[in-house]
Amino acid sequence: MEAMHAPRTEDPSPPHPLEEQIRAQMQRAFHDALDQLSRKTAFDEKDVEWMAELLGEIVRRIKALIPRRVDLHAKIDAAIDVSLTRQMLLNSAFDGDDFNAIVNATYDTLGRLCAPSQDENVARVRRSLLVVAGAPRFDIGRYVMDTNRILDEIERFAALVGD
C-alpha cells in the first residue's frame, strides 16, 4: 500500500536571515567534511559508515522520484548495493572499478529521470567522476555533492510540474 503524500505548499514568507546564515554554515561544514573524506587514502569505520549512509540517502532520493516503479527500485538496489559497498570499504576491497560501477548506475538512472536540457550536464559530471583505470583514489565527496546537486535540480523540476 502506497503512502499518501501531503500536497506541497510553498511558504510565502522569505527565510529569516539567521536561518539562511545557519543553513549556509551547515552546508559549508558538510562540504568541508566531504572534501576531507575525499582526500583520505584509507578509511576508518566511522568514515565507512558515513559513506554508506550518504550512498543510501542518494539511493532513497532516486527511488523517491519514481515511487510507483518497484521494478526500477529493485534494479537500483541491485546496481547500487549499499550493504555490499559498506562491507567492501570496511575490508579495503573497494576500488576504482567498483566506484565507476556506482557512478555509472547512478548516472544511467539520473540520465533517464532528468529533463532533456540537463542531459549534457549529467553526462559531463559523470565523465568527471569516473576513475581512470589504476588510479589510486576515487572522489566520493565530489560524487555525493554533484549527485545531490543534480537530484536537487530534478526534484525542483518535478515540484514545478506537479510530479
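Residues numbered from 1 in each chain as written. Predicted model: local features only at pLDDT ≥ 70, side-chain atom pairs only at ≥ 80, totals over all residues. Heavy atoms only, no water.

Colleague: Sorry if this is basic, but what is going on with the overall build of the protein chain here?
Modeller: For the protein chain, the helix and strand inventory stands at seven helices and zero strands. Ordering the α and β elements of the protein chain from the N terminus gives α-α-α-α-α-α-α. Taken across its 163 residues, the protein chain has 33% of its residues classed as buried. Sequence-distant contacts, at least 24 apart, represent 67% of the contacts inside the protein chain between residues at least 6 apart. About 10,800 Å² of surface is accessible on the protein chain, with carbon and sulfur atoms providing 55% of the total. (Helix = DSSP H or I, 4+ residues; strand = E, 2+ residues; numbered from the N terminus. Buried < 20%, exposed > 50% of the residue type's maximum accessible area, 1.4 Å probe, protein only. Contact = heavy atoms within 4.5 Å. Areas by Shrake-Rupley, 256 points an atom, 1.4 Å probe, with all protein chains shown as cover.)

Colleague: Would you take a moment to explain the nonpolar core for this structure?
Modeller: Grouped burial of nonpolar side chains is what soluble globular proteins tend to show. With 33 residues, the main nonpolar core has Phe99, Tyr107, Leu110, Ile140 and Tyr143 as its most contacted residues. Elements that contribute at least two residues to this core include exactly α1 (17-39), α2 (45-65), α4 (82-90), α5 (96-113), α6 (119-129) and α7 (140-161). It is α2 that provides the largest number of residues to this core, a total of seven residues. Non-local contacts of Tyr143, meaning those with residues more than four positions away in its chain, are made with Leu55, Ile58, Phe99, Ile102, Val103, Thr106, Tyr107 and Leu129. (Core = buried A, V, L, I, M, F, W, Y, C linked by side-chain atoms within 4.5 Å.)

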